[in-house]
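As a plain string of letters, each chain reads:
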Amino acid sequence: MANSLTRHFAQRTKDMKASEVRELLKLLQVPELISFAGGFPNPETFPAELIKSIVCDVLEKDGAQSLQYGITEGYAPLRESVAERMRKKGIDAQKENVLIVSGSQQVIDLTGKVFIDPKDTIVVSAPTYLAALTGWTVMQANFESIPIDDNNMRMDIFEERMKKLVRRPNPPKIVYVLPNFQNPAGVTMPEKNRRKLVDLASDYDFIILEDDPYGELRYVGKDIKPVKSWDDEGRVIYMSTFSKILAPGLRVGWAIAHPDILQKLIITKQSTDVCANVLGQRIAHEYIVQGHIDPQIERIKEIYSRKMEIMLSGMSEFMPDDLRWTRPEGGMFLWVTLPEWMDSAELLKKALKKRVAFVTGSAFFANPKEGNSAMRLNFTHPSDEMITEGLRRLGSVVNQELVSKWDRPSESIERKMEDAVKGSLIGKS
Ligand SMILES: Cc1ncc(COP(=O)(O)O)c(C=O)c1O
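Parameters at a glance
Residues numbered from 1 in each chain as written. Predicted model: local features only at pLDDT ≥ 70, side-chain atom pairs only at ≥ 80, totals over all residues. Heavy atoms only, no water. Helix = DSSP H or I, 4+ residues; strand = E, 2+ residues; numbered from the N terminus. Buried < 20%, exposed > 50% of the residue type's maximum accessible area, 1.4 Å probe, protein only. Contact = heavy atoms within 4.5 Å. Areas by Shrake-Rupley, 256 points an atom, 1.4 Å probe, with all protein chains shown as cover. Lys, Arg positive; Asp, Glu negative; His and termini not counted. Charge placed at Lys NZ, Arg CZ, Asp CG, Glu CD. Salt bridge = Lys/Arg side-chain N within 4 Å of Asp/Glu carboxyl O. Expected span 1.5 Å × (residues − 1). Polar contact = N/O pair within 3.5 Å; in protein donor to acceptor, adjacent residues only side chain to side chain. Near = heavy atom within 4 Å. Axes fitted to C-alpha atoms, helices over the stretch in contact; angles between N-to-C directions. Parallel < 35°, antiparallel > 145°, perpendicular 65-115°, else oblique. Left-handed = near helix turned anticlockwise from the far one by under 90°. Nonpolar A, V, L, I, M, F, W, Y, C, P; charged D, E, K, R; others polar. Pairing = 2+ DSSP bridges. Right-handed = clockwise from strand over helix to strand, strands pointing away. Phe/Tyr/Trp six-rings, centres within 6.5 Å; stacked < 30°, edge-to-face > 60°. Lys NZ or Arg CZ within 6 Å of the ring centre and 35° of its normal.

Engineer: Before we move on, could you go through the overall build of the protein chain and cite the residues and values that matter?
Structural biologist: Across its full length, the protein chain holds 14 helices and 14 strands. In terms of overall dimensions, the protein chain has C-alpha extents of about 65 × 55 × 55 Å along its principal axes. A total of 429 residues make up the protein chain; the buried ones form 52% of that total. Long-range contacts, defined as pairs at least 24 residues apart, comprise 74% of the intrachain contacts of the protein chain with a sequence gap of at least 6. Element-wise, carbon and sulfur atoms account for 51% of the exposed surface of the protein chain, whose accessible area totals about 20,000 Å². Mean positive and mean negative side-chain charge positions of the protein chain (58 and 59 charges, respectively) differ by 3 Å.

And the structure:
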């Protein structure tokens, strides 16, 4: 476009850049590319036949209403059934606390519009969900990043940082957390840290935005109650979605919040998109009331837990010992830490030549100088065979990097090679 036209762009678009993940998603179309890059559910899990029959039923019984504009709050029976499911998870929710949104991504946008003035601070983990960073960057938010470990956000560092931040004239308004199988790192926040977070919210007067798209997808261990379940003061906004347990194309998600907060979100949503996809809401509602949702979640868990195991054993088989990776208890992602000197952007270029893709770690940091030697791998979208083949390719690219750095294979590669030879001699696969 002519320069003279781009100069009319609003100031706030200055820091906007195309999402690295979205750009990479385009590569999914490239033949023979094995992509660990996207955050896509596996289409094998989409109940297309069931949705077809639900759509026919809904249109036959109530075609007029299901194709009409809906109220902004959402389809009342769906709000009720979501509230009921949330109560089973320990959240004290009534229909009046539920807002149906156009995918839970919309809650990022709405909370930004409702709470964030330019330069207001949002505390995020480092790394965190990429599209939250991009969504709030448009609002000109300032980010404070707290490192993670295997227990998700480091609560000791968080508390120390909060003590300092609350002394500033403009203390943090929102703390954004993804307690279950965090995107991108796959790590989970233990119960005691969740309780602690709620206590600190009260002590330091901030709002928690709890993003939980993967909570239903636990493959190992026991469920932990949401942060919102310990919220006595209405400080926690909880968000989740049908995208990972039904189909993302429906664009139906929900927020649970105190009625005062919900009211502002509703007014804001009115001018954003009027209402969420009405037919999609009807489908989601029928899917729940006809009793399909729990068996479907079990089916998805069976498929994804198998894929995660294939991923983890492929990592052990093909990656040198110089790498570390998380062992998620659920969700869709694995976070891989490379040797510090290894640049994942350079690695990606080489990986693409071998027709395998991932997302570079720095995409998930508010400070793009961080995360260079890390990558996110998705294990839900590729087929079982492609996971193994993709890791074989990626492993060879990483090993090649080590070889060229040290001019010889690192000891761990040598050992693996010896093991592989021994293995094949004794007939180990
Ligand atoms: C952490 C996180 N939050 C929110 C979303 C948005 O999901 P949707 O808008 O499809 O509900 C995603 C999607 O991948 C996600 O990973």
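From this point, things continue past the structure.
Engineer: So what's going on with the pattern of salt bridges? Residues and values would help.
Structural biologist: Summed over all chains, the structure comprises 30 salt bridges. As a salt-bridge pair, Lys173 and Asp120 come within 2.6 Å of each other at their nearest N and O atoms. Taken as a pair, Lys173 in the loop between helix H7 (155–165) and strand S6 (174–177) and Asp120 in the loop between helix H5 (105–115) and strand S3 (121–126) lie far apart in primary sequence, 53 residues in all. You can call Asp120 buried: its relative accessible area is 5%. Between Arg154 and Asp156 there is a salt bridge, and its shortest N-O distance comes to 2.8 Å. Overlapping salt bridges, with partners in common, bring together Arg85, Lys89, Glu216 and Asp294 in one network.

Engineer: So, helix H10 (residues 278–289): which residues are in play, and what are the values?
Structural biologist: Three or four residues apart is the spacing at which side chains of an α-helix point the same way, because the helix has 3.6 residues per turn. Along its twelve residues, H10 runs 17 Å from first to last C-alpha, staying within 8% of the 16 Å computed at 1.5 Å per residue. For H10, a buried count of ten out of twelve residues is recorded, marking the element as mostly surrounded by other parts of the structure. Those residues of H10 not exposed but buried are Val278, Gly280, Gln281, Arg282, Ile283, Ala284, His285, Glu286, Tyr287 and Ile288. Lining the buried residues of H10 we find helix H3 (48–66), helix H4 (76–88), strand S2 (98–101) and helix H11 (293–318). A distance of 3.2 Å separates the backbone nitrogen of Leu279 from a side-chain oxygen at the start of H10, and that oxygen is part of Asn277. Positive phi shows up at Gly291, right after H10, with a value of about 80°.

Engineer: Got a sec to walk through the site of the ligand? Specific residues and values, please.
Structural biologist: The environment of the ligand is formed by 13 residues, the closest being Ser104, Asp211, Tyr214, Thr241 and Ser243. At a separation of 2.9 Å, an oxygen atom of the ligand approaches a polar side-chain atom of Asn183. Residue Thr241 places a side-chain N or O atom 2.6 Å away from an oxygen atom belonging to the ligand.

Engineer: Outline unusual backbone geometry, listing residues and values.
Structural biologist: Pro127 follows Ala126 through a cis peptide bond whose omega is 10°. Among the secondary structure elements, Pro127 is positioned in the loop between S3 and helix H6 (130–137). Of note, the phi angle at Asn152 is positive, near 70°, even though the residue is not glycine. Its place among the elements puts Asn152 in strand S5 (residues 152–153). One non-glycine residue, Asp205, adopts positive backbone phi at about 55°. Accessibility expressed as a relative area gives 55% for Asp205, which makes it exposed.

Engineer: Kindly report on the packing of helix H12 (residues 344–353) against helix H13 (residues 384–406), identifying the contributing residues and their values.
Structural biologist: Interaxial distance between H12 and H13 falls to 10 Å at its minimum, and their mutual angle equals 130°. What the angle tells us is that H12 and H13 run oblique. The hand of the H12/H13 crossing is right-handed. Between H12 and H13, the contacting residues are Leu347, Lys350 and Ala351 on the first element and Leu394, Val397, Val398 and Glu401 on the second. Of the residues belonging to the contact of H12 with H13, the class tally is five nonpolar, no polar and two charged.

Engineer: Outline the pairing of strand S4 (residues 142–149), listing residues and values.
Structural biologist: Here S3 runs beside S4; their pairing, made up of six bridges, is parallel. By the bridge assignment, Ser125 is partnered in S4 with Ile146. Regarding the hand of the β-α-β motif, the stretch spanning S3, H6 and S4 is right-handed. Pairing of S4 with S5 involves two bridges; the strand directions are antiparallel.

Engineer: Residues and numbers for the packing of aromatic side chains, please.
Structural biologist: The final tally for this structure, using the stated rule, is six aromatic pairs. Measuring from ring centre to ring centre gives 5.9 Å for Tyr214 and Phe333, while their planes differ by 85°; the resulting arrangement is edge-to-face. One end of the pair, Tyr214, is in the loop between strand S7 (207–211) and strand S8 (236–241); the other, Phe333, is in strand S11 (residues 333–337), and 119 residues separate them in sequence. For Phe333, a relative accessible area of 1% translates into the label buried. Each ring, one from Trp335 and one from Phe365, has its centre 6.2 Å from the other, and the planes form 45°; the classification is tilted. Taken together, the residues Trp335 in strand S11 and Phe365 in the loop between strand S13 (359–360) and strand S14 (374–378) connect sequence positions 30 residues apart. Here Trp335 falls in the buried class, since its relative accessible area comes to 8%. An aromatic cluster of three or more residues is present, and its members are Trp335, Phe364 and Phe365. In this structure, Lys405 is placed above the aromatic ring of Trp341, and the distance from its NZ or CZ to the ring centre is 4.9 Å.

Distances and angles like these do not, on their own, reveal function.
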